Amino acid sequence: DQQVKQNSPSLSVQEGRISILNCDYTNSMFDYFLWYKKYPAEGPTFLISISSIKDKNEDGRFTVFLNKSAKHLSLHIVPSQPGDSAVYFCAASGGSGATNKLIFGTGTLLAVQP
Amino acid sequence: NAGVTQTPKFQVLKTGQSMTLQCAQDMNHEYMSWYRQDPGMGLRLIHYSVGAGITDQGEVPNGYNVSRSTTEDFPLRLLSAAPSQTSVYFCASSYSRPSGNTIYFGEGSWLTVV
């Protein structure tokens, strides 16, 4: 049972346009959400996070939106650059037990075309 | 600026062999964990530790053993390797505080079991 879902395996965007990556979750106990970026043959690197007490967090070209009622979050990249081409993982934590435990989505491969 | 260091980077094992993946972090993080990444599955938690002397199981613990004798090190042991354990393994660490932690990953260990 996938608690964190990324329904789009891939996304292709033109350089300079907006990239929107989506993530849905089922566990209402999740209270912290993170986005990681992963290049081939490297470990995931932290990109941006949001706590459930907020609905938006912005860091430069990256903005994460959280809609708790819909159990949905999205990552916006504006403007997209070729170097943003990577796999993006959505992850969630919280609830009972160790709150550091991350549950990951299956990832979305973003390709930014020059 | 080492962060999370994993060794070896690549390993080929024969079915039934045992081996240990090493993980070390120099950030004085209490929390350490092991994930595996498989195609179409995202990253799945194998085992985790909230401090020296304390370990617990994650989503997919079978066939793996861990120990945490020091804050810095968290080795992952494959007791009797099986082809199903062919995967990319990532070690991660963070501070062990209530939800809101950023988890940092190592660069990965590619394991093939033949």
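Criteria and cut-off values
Residues numbered from 1 in each chain as written. Chains lettered and ligands numbered in written order. Predicted model: local features only at pLDDT ≥ 70, side-chain atom pairs only at ≥ 80, totals over all residues. Heavy atoms only, no water. Helix = DSSP H or I, 4+ residues; strand = E, 2+ residues; numbered from the N terminus. Rg over C-alpha atoms; globule rule 2.2 N^0.38 Å. Buried < 20%, exposed > 50% of the residue type's maximum accessible area, 1.4 Å probe, protein only. Contact = heavy atoms within 4.5 Å. Areas by Shrake-Rupley, 256 points an atom, 1.4 Å probe, with all protein chains shown as cover. Salt bridge = Lys/Arg side-chain N within 4 Å of Asp/Glu carboxyl O. Buried area = accessible area lost by both parts, 1.4 Å probe. Polar contact = N/O pair within 3.5 Å; in protein donor to acceptor, adjacent residues only side chain to side chain.

Now for the overall build of chain A. Scanning chain A for helices and strands turns up zero helices and 11 strands. Tracing chain A from N to C terminus, the helices and strands come up as β-β-β-β-β-β-β-β-β-β-β. The C-alpha radius of gyration computed for chain A amounts to 14 Å, which stays within 12% of the reference 13 Å derived for 114 residues, consistent with globular compactness. Its C-alpha atoms put chain A at 45 × 30 × 20 Å along the principal axes. Across the 114 residues of chain A, 46% fall into the buried class. In chain A, the proportion of contacts linking residues at least 24 apart, taken out of those at least 6 apart, comes to 54%. Entry remark: accessible area of chain A is about 5,300 Å², with carbon and sulfur atoms responsible for 50%.

The final tally for this structure, using the stated rule, is five salt bridges over all chains. Two residues, Arg 61 of chain A and Asp 84 of chain A, come together in a salt bridge whose shortest N-O distance is 2.8 Å. Of the two residues, Arg 61 of chain A sits in the loop between β6 (56-59) and β7 (62-67) while Asp 84 of chain A sits in the loop between β8 (72-77) and β9 (86-94), which places them 23 residues apart along the sequence. We classify Asp 84 of chain A as buried; its relative accessible area is 2%. Arg 36 of chain B is the salt-bridge partner of Asp 38 of chain B, the closest N and O atoms lying 2.8 Å from each other. For Arg 36 of chain B, a relative accessible area of 8% puts it in the buried group. One network of salt bridges, in which partners are shared, links Arg 36, Asp 38 and Arg 44 of chain B.

The next subject is the interface of chain B and chain A. Across the contact, 27 residues belong to chain B and 22 residues belong to chain A. Interface area for chain B against chain A, summed over the two sides, is near 1,800 Å², with a carbon-plus-sulfur share of 60%. At the boundary of chain B with chain A, the tally comes to zero salt bridges. Where chain B packs against chain A, one counts two residue pairs in polar contact (both at pLDDT 80 or more).

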